[in-house]
Structures are given as structure tokens and as C-alpha cells.
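Secondary and tertiary structure notes
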Amino acid sequence: MTEAGSRGNGQAQVQAVTGRMASVGIGRAFAQQQTIEQHPTVRLPQSPAAPTIARRYLIDTDYLLPKDLIEANRLDFQHYYLKHVLKSNYLAPLDKERVRSILDVGCGTGRWVIEMARAFREARVYGIDLEWSTPAQKLPPNVTFLQGNVLAGLPFPGHTFDYVHQRLLAMGIPANRWPSLLQELLRVTAPGGWIELFEGGDTFVNAGPALRLFIEWYRQASKRAGYDPAIVDRLGNLFQNLGLHHVRLETLSVPVGPWGRHEGVMLQKNLMATFPGLFPLLQQQLNIEEEQFNMVLNEINREMEILQIEYQYYVVYGQK
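First, a word on what this report is: a plain description of the structure on this page. (Residues numbered from 1 in each chain as written. Predicted model: local features only at pLDDT ≥ 70, side-chain atom pairs only at ≥ 80, totals over all residues. Heavy atoms only, no water.)

Let's shift gears to the overall build of the chain. Helices and strands together make up the secondary structure of the chain, namely 10 helices and seven strands. For the chain, restricting intrachain contacts to residue pairs at least 6 apart in sequence, the fraction spanning at least 24 positions comes to 77%. (Helix = DSSP H or I, 4+ residues; strand = E, 2+ residues; numbered from the N terminus. Contact = heavy atoms within 4.5 Å.)

Right, dumping it as C-alpha cells:
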């Protein structure tokens, strides 16, 4: 097939998707949002069987995603996907001979902590999360897990860690708390130590109509709840304001769907497993109905199968 023929076929497929959305009453909602939406949004892995299964959420916390076995399995899957993409568990230029203390903020299931403890055998590696359960494996002797909330302050004295790591916590940090959060990370970092953040923003390239609609829902609902998905675009500036040295910001564009082969299929699964967990947020803030939500998820999954969609991650690190 010629290149022009491929483009024509892709256009026809997108038109078919838009037609299906209109037939189920979603097209008009998308047209109303279209003028507002100019940027893309974030997501994470699995298939679009959404909120018919009751999910468990933590009350009285700022974390928007579920905390249950389904989410734990997704986080483990996500860890291995990100390690595959990054070819490492970290990007900061760490000196293994000098790193003696490591902290992972929002450690989730602890996979990253355990792997870092095995890689840095002379270091003490701590993981802290709102809630954690011991992984079903023998822990390295240099691992410690703690329960706590970084927004309430970290239970460590100042200048403790040679490396502080935080990954994909944007859905747990209100927009107005980012400056104080970064100051807290800076406080516990030792002179010469490194801070590294890995986040997903709200940017998708080549997103189809359903995905663009979902992104706009997510943006509006997040802002009403006090969150800002676009904050990750400003992480570099926020880091500079901390007075860190050797600050480096990297944007990673990764494929979504079969066109990206194994890597793309993994991200598609991760995103389609994440989105259902956002239903309570969209329902509470925008009155999105479950039937409409599920229809949009199904269309997003179809779009990811036929379009060459890319998603952007952001990595920023600097030295104290």
C-alpha cells in the first residue's frame, strides 16, 4: 500500500470512530468540548472493563486513583514497562560508590525499592506510601518500608538521602501543594545528593476523538478538584527555583498501541487499566454517566489499535 493510501485508510477509520461516537450520543459532547481542548492528556494500562467492579479508594487523602489489588497489579505491570522504556530504574548520574541512602516517595508496591536495594547493596533504601503491603518475596536486608504522607511531611531529619526519587504522583498532589512538596524533598536530600521526578503529563500526539474527549474530561474534573495535569510541563522551572545544580529535563515520547510493537501494546494496556480508576472523579466533578464513560473507553481502545498515538513522559533531576 502506498503512503497516501495508508493515510486515506487511516482517515476513513477515524471517521468511522467519530460516526460510532455520534451514534451513541457522544459526538455532540465532543463537539462542545473541542473548542476548549488543544492539548492531549495522560493515561495508564489494561482493557476497558470499567466501574462495574467496585474499586477501593482511600478516604481523607488527596490520591485520586484506587488502592486495591487491581491497582497493585497495574502498578507492578507499569514498573516493568517503565524499566523497559528507560533501560534503567533511574536516569540521574548516581555514583554507586557514594550513594548510601535512597528514598522512594510514593513507593506503591515497592518493586522499584527492592530492585534499587539489590543494585545498591551498600545503601539503605526506604520506601514510603500512604498504604503499603509487603511484597510476596523475601526483602533485601537493606530495605525499609514506611507508611506516611509526603504532604504531611516526611519522617526523616534534613540532609538524610543521597538520592530522592518520586514517580507518577501527579494524581495525588493538588496543584497548590507542589512548591511545598518539592521543598520537602529538598529538605531531606543531602548536600551533593540528587532528586529525580518522573511524571506523565496530559499530552498525547495523534489522539483520536474519543481520547481527546476523555482528556478534556480529565482536565476539567482535575481542575475542579484542585489538580493541574499540566503542572509537569513546569517541573523544570520548579526545579530551578529550588536552587538545584545540573538540572536536566527530558521529554520521552513513547508509542501507544500495536504500531509501537511490544512497547506500544504494553502502554496501551497500562493506560486502559488506569482510566477506569478515574471514573469516580469524572462522575463527581462532571456528572459523567457510567454508560457514557464505558462507551468512550471502548472507543479509545479502538483508536489505540488503529492510530499512531504517542504519549509523553517527563523526567527531571537535579543535584543539591
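What follows picks up the thread again.
A few words on the pairing of strand β5 (residues 189-205). The buried fraction of β5 is high, at 14 of 17 residues. Where strand β4 (residues 161-167) lies against β5, six bridges are found, and the strand directions are parallel. Paired with valine 164 across the bridge in β5 is isoleucine 195. For the crossover from β4 across helix α5 (residues 178-188) to β5, the handedness is right-handed. Both β5 and strand β7 (residues 309-319) contribute to a ladder of nine bridges, which runs antiparallel. Residue pairing in the sheet places glycine 200 in a bridge with tyrosine 313 of β7. (Buried < 20%, exposed > 50% of the residue type's maximum accessible area, 1.4 Å probe, protein only. Pairing = 2+ DSSP bridges. Right-handed = clockwise from strand over helix to strand, strands pointing away.)

This next bit is on the sheet that holds β5. A sheet is described by the order of its strands in space; here seven strands give the open sequence β3-β2-β1-β4-β5-β7-β6, paired in mixed fashion. Of all strands in the sheet, those with a lone pairing partner are β3 (143-147) and β6 (245-256), marking the two edges. Here the strands of the sheet are splayed against their neighbours by 15° on average, with no regard to which way each runs. (Axes fitted to C-alpha atoms, helices over the stretch in contact; angles between N-to-C directions.)

Moving on, we come to empty space enclosed by the protein. All chains considered together, the criterion is met by two cavities of 30 Å³ or more. If you go around the largest cavity, you meet 40 residues; those closest to its centre are Tyr63, Gly106, Arg167, Leu168 and Leu169. Of all the secondary structure elements, the ones that give two or more residues to the lining of the largest cavity are α3 (69-86), β1 (101-105), α4 (111-119), β2 (124-129), β4 and β5. Grouping the amino acids of the lining of the largest cavity by side-chain chemistry returns 19 nonpolar, 11 polar and 10 charged. Volume-wise, the second largest cavity comes out at about 40 Å³. (1 Å grid on protein atoms, 1.4 Å probe; cavity = no way out; pocket = protein on both sides within 12 Å on 5 of 7 lines; lining within 4 Å. Points joined across faces, edges and corners; volume = space filled by probe spheres on them. Nonpolar A, V, L, I, M, F, W, Y, C, P; charged D, E, K, R; others polar.)

Considering the arrangement of structural elements, one finds threonine 274 in helix α8 (residues 261-274). Within the structure, the side chain of threonine 274 is placed 2.8 Å from the backbone oxygen of asparagine 270, a separation counted as a polar contact. (Polar contact = N/O pair within 3.5 Å; in protein donor to acceptor, adjacent residues only side chain to side chain.)

Within the structure shown, the criterion is met by 13 salt bridges. Where arginine 74 meets glutamate 71, a salt bridge forms, and the shortest distance between an N and an O atom there is 2.7 Å. A residue pair is termed a helical-turn pair when its members lie 3 or 4 positions apart in one helix, as arginine 74 and glutamate 71 do in helix α3 at three residues. Just as arginine 74 is buried, glutamate 71 falls in that class too. Linking glutamate 184 and arginine 187 is a salt bridge whose minimum nitrogen-to-oxygen distance equals 2.8 Å. In this pair, glutamate 184 and arginine 187 are both assigned in helix α5, three residues apart and thus about one turn of the helix distant. Residue arginine 187 is classed as partly exposed on the basis of its relative accessible area, which comes to 30%. (Salt bridge = Lys/Arg side-chain N within 4 Å of Asp/Glu carboxyl O.)

Moving on, we get to α3. The end-to-end C-alpha separation of α3 is 26 Å, in line with the 26 Å expected for 18 residues at 1.5 Å each. Taken as a whole, α3 has its buried residues at Glu71, Arg74, Asp76, Gln78, His79, Tyr81, Leu82, Val85 and Leu86. If you follow the buried residues of α3, they end up packed against α4, β4, β5, β6, α8 and β7. Lysine 87, located one to two residues past α3, shows a positive phi value of around 60°. (Expected span 1.5 Å × (residues − 1).)

Let's shift gears to the nonpolar core. Ranked by internal contacts, the top residues of the largest apolar core, which has 64 residues, are Phe214, Ile300 and Tyr313. No other element matches the eight residues that helix α6 (residues 209-225) contributes to this core. Core analysis: the next-biggest nonpolar cluster, separate from the first, contains 29 residues, Leu103, Leu151, Leu181 and Leu244 among them. (Core = buried A, V, L, I, M, F, W, Y, C linked by side-chain atoms within 4.5 Å.)

Within the fold, threonine 160 resides in the loop between β3 and β4. Each C-alpha atom of the pair threonine 160 and valine 188 lies 5.2 Å from the other, and the pair is 28 residues apart in sequence. In contact with threonine 160, not counting residues within four places along its chain, are Ser101, Val188, Thr189 and Ala190. One polar contact links the side chain of threonine 160 to the main-chain carbonyl oxygen of proline 157, over a distance of 2.5 Å.

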